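Residues per chain are reported as follows:
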Amino acid sequence: MVYHRVMIKRLTPAQMRFRSLVALTALLIVAACAPRSEFVRGTPEELEDYGTEYARAERRSAESSNERADSAVQSLQNRLRNGTASADQWLSDMDRYRINEIQWQLQTHRDDPLLRPWLELALMVQTQRLSPEAMEADLARWAQAYQNQLPSEDIRLDTLAWVDAWRVQAHGPQTIGIILPGDSALATPGEAIKDGILDAWLALDVERRPDLFFYYVDDDAPQSLYQVPQLAIEDGVDWLIGPLPRTQVEQILKDRSARWMIPTLFLNVPRPEGLRQSLGNRRIAFALSPEDDAREAAIYARQLGLGRALILEQDTSWGGRMGETFAREFQSLGGQVIEQAAYDPQVVDHTELLESVLGLNDSKRRIEDVERLINEPIASQPERRRDIDMIFLASRAADTRQIRPQLQFFRAEDLPVIATAHAVDGSVDERRDVDLEGMYLPMPPWFIETTPPGQARINAEARHGQLSTPALSHLYAMGQDLTTLMQWLEVLQHDPDAELMGMTGTLSISPVGEVERELTWVQIEEGQSQSQTREK
């Protein structure tokens, strides 16, 4: 059954002053009771050198003349000659071109002392306008570096004004429908996502808040899922977000009929490759996928120069998928998987397994063979194998706290150990995770306390008692990112190189329709997450 309809709509500031308290009360009642036909209105008030660093276009992706900025650059050259160049005109001209094309133009004209500053300016704006917090400082450095080549000291201020004006324009859907689990095993995760969406929505300026409709689908009536598009059309919805269960996402993607006509951002990724190929411009998928973390781990290991891996994975379907994903990505990048073994998560002492996979048993046998040969004991200790240069640990947090010190005991203390964020319970804790010293983890900013998202997590968990586990807290962060993603959807879809600094990672939308998350790599040092530099 579909519960319909819970709506949250923009109001003018004057309307807000009179109706905010009533709307907040109504919204809380609706959220608690989930009635079949509720209509709620309200917006309660409570409620250094870019040319070097960013110009890395390995190849030009623009294929048509419309995608190439040659004519815009020529126009700039003409304006520079006659003294009429301005930041406003230039940024407006370059607004429609992708980051790759601007990088290409900068590479092409990097030795031109007149064009280079302006191309660097365009690249800076295109790469930072979705998350402009650092732009002002970078822009000041840019203006200082080129002060003798710029026609006016006002260019920096004109650029900031242009970005501010650009950001207040609409770059995403104005009416959004959100499909959430109703009477469902996933109702609690769905509520965490909803809380994140609403808190991020309330943080927007009133005039920039899209209208929201919420639709609830019960587990026992999966076919009622197809009522949602018709209801959404009646409500004037531009884009749908959801559903959350993977089975429902796959059900929609398998259906080749025209029953699902509204553009949709799914909250899960289908597993069959054939269904993933059904994603695209009007069907996008965003998930907090553990397999994505395993791919990140493989990429990072190769960037560190590591090439011979021992994989230790939890003996579950989850652990198997993590291990296989890491192995596949690692090998595709030229690495070798020397051995892959599974551990029993019900076992505390992993001596037998670790002595085997680390080669200590073989070393013991060699020592015993020599002792038999010379007929007397020798003073020698077993040594671990030397044909591996790293360990990938596909483990949950409780397992990691057991296995890591055992690895150190069995002479693997000098091997880099790479895992995923699942190796800790949320953020790193200096008392709980004391035995994880030296491990490398890809972490969402949400769980790094020294970042602004990390501070936002602390505040959100204090405000929302239902965020009682790291998993629910992570889903709340995903809800926040959903609001921000939809705000900048047109830009992210237009340019696969455009990035959004989100709570769950640095977000972009790939050409095949998947929201990709780049995580922050940390090394655990003295119980703290220490961010690591990473190649692009």
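Residues numbered from 1 in each chain as written. Predicted model: local features only at pLDDT ≥ 70, side-chain atom pairs only at ≥ 80, totals over all residues. Heavy atoms only, no water.

**Student:** I keep staring at the pairing of strand β7 (residues 308-314) and nothing clicks. Help me out?
**Tutor:** Along any regular strand the residues' side chains alternate between the sheet's two faces. Burial within β7 is extensive, with six of its seven residues counted as buried. Where the polypeptide runs from β7 across helix α14 (residues 317-332) and back to strand β8 (residues 336-343), its parallel neighbour, the crossover connection is right-handed. Examined bridge by bridge, β7 and strand β9 (residues 390-394) share five bridges and lie parallel to one another. Counted as the bridge partner of A309 is M390 from β9. (Buried < 20%, exposed > 50% of the residue type's maximum accessible area, 1.4 Å probe, protein only. Helix = DSSP H or I, 4+ residues; strand = E, 2+ residues; numbered from the N terminus. Right-handed = clockwise from strand over helix to strand, strands pointing away. Pairing = 2+ DSSP bridges.)

**Student:** How do you make sense of the nonpolar core when you look at a structure like this?
**Tutor:** The nonpolar side chains of soluble globular proteins are, as a tendency, buried together. One finds W90, W142, L312, L358, L407 and L441 to be the most contacted residues of the largest nonpolar core, which totals 103 residues. Each residue touching L312, except ones within four places of it in the same chain, is listed here: A341, Y343, L354, V357, I391, F392, L393, A394 and L407. Judged by nonpolar contacts, the second largest core, of 22 residues, contains Y215, L231, V249 and A285. (Core = buried A, V, L, I, M, F, W, Y, C linked by side-chain atoms within 4.5 Å. Contact = heavy atoms within 4.5 Å.)

**Student:** How should the sheet that holds strand β14 (residues 515-518) be read in this particular structure?
**Tutor:** Within a sheet, each strand pairs with its neighbour through backbone hydrogen bonds, oriented either parallel or antiparallel. Read from one edge of the open sheet, three strands run β12-β13-β14, paired in antiparallel fashion. Only two strands of the sheet have a single neighbouring strand rather than two, namely β12 (500-501) and β14. Where β12 lies against strand β13 (residues 506-509), two bridges are found, and the strand directions are antiparallel. Across the sheet, L500 pairs through a bridge with L507, a residue of β13.

**Student:** Even after reading the chapter, I still don't get a nonpolar patch on the surface, so can you show me in this structure?
**Tutor:** Taken together, the side chains of V370, L373 and I374 define a hydrophobic patch exposed on the protein surface, amounting to about 290 Å² of accessible area. Tracing the chain through its elements places L373 in helix α16 (residues 360-374). (Patch = residues over 30% accessible without salt bridge, like charges linked within 9 Å, V, L, I, M, F, W, Y side chains within 5 Å. Areas by Shrake-Rupley, 256 points an atom, 1.4 Å probe, with all protein chains shown as cover. Salt bridge = Lys/Arg side-chain N within 4 Å of Asp/Glu carboxyl O.)

**Student:** Help me out: how do you make sense of the packing of aromatic side chains in this one?
**Tutor:** For any pair of aromatic rings, geometry is given as the distance between the ring centres together with the angle between the planes. The final tally for this structure, using the stated rule, is nine aromatic pairs. A centroid spacing of 5.4 Å and a plane angle of 5° characterise the contact between W166 and W488, whose relative ring orientation is stacked. Taken together, the residues W166 in helix α8 (residues 155-167) and W488 in the loop between α19 (470-487) and α20 (489-494) connect sequence positions 322 residues apart. The class for W166 is buried, based on a relative accessible area of 4%. With a centroid separation of 6.0 Å and 85° between ring planes, the pair formed by Y226 and W260 is classed as edge-to-face. One end of the pair, Y226, is in the loop between β3 (211-217) and α10 (227-234); the other, W260, is in the loop between α11 (246-254) and β5 (264-266), with 34 residues separating them in the sequence. Like W260, Y226 is buried. The side chain of R259 reaches across the aromatic face of Y226, ending 3.8 Å from its centre. (Phe/Tyr/Trp six-rings, centres within 6.5 Å; stacked < 30°, edge-to-face > 60°. Lys NZ or Arg CZ within 6 Å of the ring centre and 35° of its normal.)

**Student:** Can you walk me through the side chain of T506 in this structure?
**Tutor:** In this fold, T506 is placed in strand β13. Judged by relative accessible area, T506 falls into the buried class, the value being 16%.

**Student:** What is the right way to read the pattern of salt bridges from this model?
**Tutor:** Two side chains with opposite charge may pair up if their charged atoms get near one another. This model, assessed by the stated rule, comprises 19 salt bridges. Of the charged contacts in the structure, one is a salt bridge between D389 and R308, with a shortest N-O distance of 3.8 Å. Taken together, the residues D389 in the loop between α16 and β9 and R308 in strand β7 connect sequence positions 81 residues apart. In this structure, D387 and R385 form a salt bridge, with 2.7 Å as the shortest nitrogen-oxygen distance. D387 gets classed as partly exposed once you look at its relative accessible area, which sits at 32%.

By themselves, these figures tell us nothing about what the structure is for.
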